[in-house]
Amino acid sequence: MYISPIPTRTGRFIATFSDRELAALAFPAGPSSPLDEAVARTPLPPRVAGWARLTRAALTDALAGQPPAELPPLDLSTGTEFQQGVWQAMLRIATGDTRSYGQIAADIGRPKAVRAVGQACGANPVPVLVPCHRVTASGGRLGGFSSGLEWKRKLLAFEGIEVTDAGKVAPRA
DNA sequence: AAGTATCCATTTA
DNA sequence: TAAATGGATACTT
């Protein structure tokens, strides 16, 4: 596994790569330990460095409300079949658009598996690039977000979606 | 506008 | 195996 910090205007994300693809992405966290720093400075194999660049570009676009031009190879194999289905469905949500848990459930052919969808969202290893934040509760309410509701709100705001105090999501204020 | 019954894949005991 | 647990929903007061 390779670790690489991904600097963005919203903070320093941490990307984790296997030797085949991007395996995980973590939101900016608190101060890192000296050990983390040392790991972060370890030079990456050229191939991995390339993915890191792609990741940064994609993340930069996403955080600017632009659809990423190109995504690094994503390792979604960590999930179960069901979860992968959910993640794929999320990847199909356009930037600036949202779906409800119910719609995702319907998309993958399990109209009633709404709750399971919520769980699968939380298990998403690559937040932002796999837009788990674009999945809202029904009726446009915000719903939850394992990485922090503030992030969800912020990410949606970048895409021009406002969350009103009533908990509704409105396209471009 | 609240409270309740149910929904389903994972995880944990 | 069984029970608990989520980023929930739909139906009932």
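Conventions adopted
Residues numbered from 1 in each chain as written. Chains lettered and ligands numbered in written order. Predicted model: local features only at pLDDT ≥ 70, side-chain atom pairs only at ≥ 80, totals over all residues. Heavy atoms only, no water. Buried < 20%, exposed > 50% of the residue type's maximum accessible area, 1.4 Å probe, protein only. Helix = DSSP H or I, 4+ residues; strand = E, 2+ residues; numbered from the N terminus. Arc of directions from axis to C-beta. Contact = heavy atoms within 4.5 Å. Near = heavy atom within 4 Å. Polar contact = N/O pair within 3.5 Å; in protein donor to acceptor, adjacent residues only side chain to side chain. Nonpolar A, V, L, I, M, F, W, Y, C, P; charged D, E, K, R; others polar. Phe/Tyr/Trp six-rings, centres within 6.5 Å; stacked < 30°, edge-to-face > 60°. Pairing = 2+ DSSP bridges. Axes fitted to C-alpha atoms, helices over the stretch in contact; angles between N-to-C directions. Core = buried A, V, L, I, M, F, W, Y, C linked by side-chain atoms within 4.5 Å.

**Q** How should I be thinking about helix α3 (residues 81-91) in this particular structure?
**A** Three- or four-residue spacings in an α-helix give side chains the same orientation, since the helix completes a turn every 3.6 residues. Buried within α3 we find Q83, V86, W87, A89 and M90. The arc that holds every buried residue of α3, seen down its axis, measures 160 degrees, which confines them to one face. Where α3 is buried, its residues contact α4 (101-107), α5 (114-122) and β5 (135-136).

**Q** What should I look at first to understand the protein's contact with DNA strand C in this one?
**A** Surrounding DNA strand C, one finds 17 residues, the nearest of these being Y101, R115, C132, S138 and S146. One nitrogen or oxygen atom from the main chain of G144 is found 3.1 Å from a base nitrogen belonging to DNA strand C. Each residue belonging to the surface near DNA strand C can be placed in one class, and the counts come to eight nonpolar, seven polar and two charged.

**Q** Sorry, what's going on with the packing of aromatic side chains here?
**A** The relation between two aromatic rings is expressed through the spacing of the ring centres and the mutual angle of the planes. Overall, the coordinates contain five aromatic pairs when judged by the stated rule. Measuring from centroid to centroid gives 6.0 Å for F13 and W151, while their planes differ by 65 degrees, and the two rings are edge-to-face. Remark: W151 occurs in helix α6 (residues 149-158) and F13 occurs in strand β2 (residues 11-17); sequence separation between them is 138 residues. Note on accessibility: F13 and W151 belong to one class, buried. Where F27 meets F145, the ring centres are 6.2 Å apart and the plane angle is 75 degrees; that geometry is what we call edge-to-face.

**Q** Mind showing me how you'd approach the sheet that holds strand β3 (residues 22-26) here?
**A** Strands in a sheet are paired, the pairing made by backbone hydrogen bonds, and the direction either parallel or antiparallel. Ordered in space as β1-β2-β3, the three strands form an open sheet in which the pairing is antiparallel. Pairing within the sheet leaves two strands with one partner each, and these edge strands are β1 (2-8) and β3. Here the strands of the sheet are splayed against their neighbours by 25 degrees on average, with no regard to which way each runs.

**Q** Is there a simple way to explain the nonpolar core in this structure?
**A** The nonpolar side chains of soluble globular proteins are, as a tendency, buried together. With 38 residues, the main nonpolar core has F13, L59, V86, M90, I104, V117 and C121 as its most contacted residues. Where this core is concerned, the elements lending two or more residues are β2, β3, α2 (46-63), α3, α4, α5 and α6. Counting residues per element, this core draws most heavily on α2, at seven residues. Not counting the four nearest positions on each side in its chain, M90 is found in contact with I104, C121, N124, V130, P131, C132 and V135.

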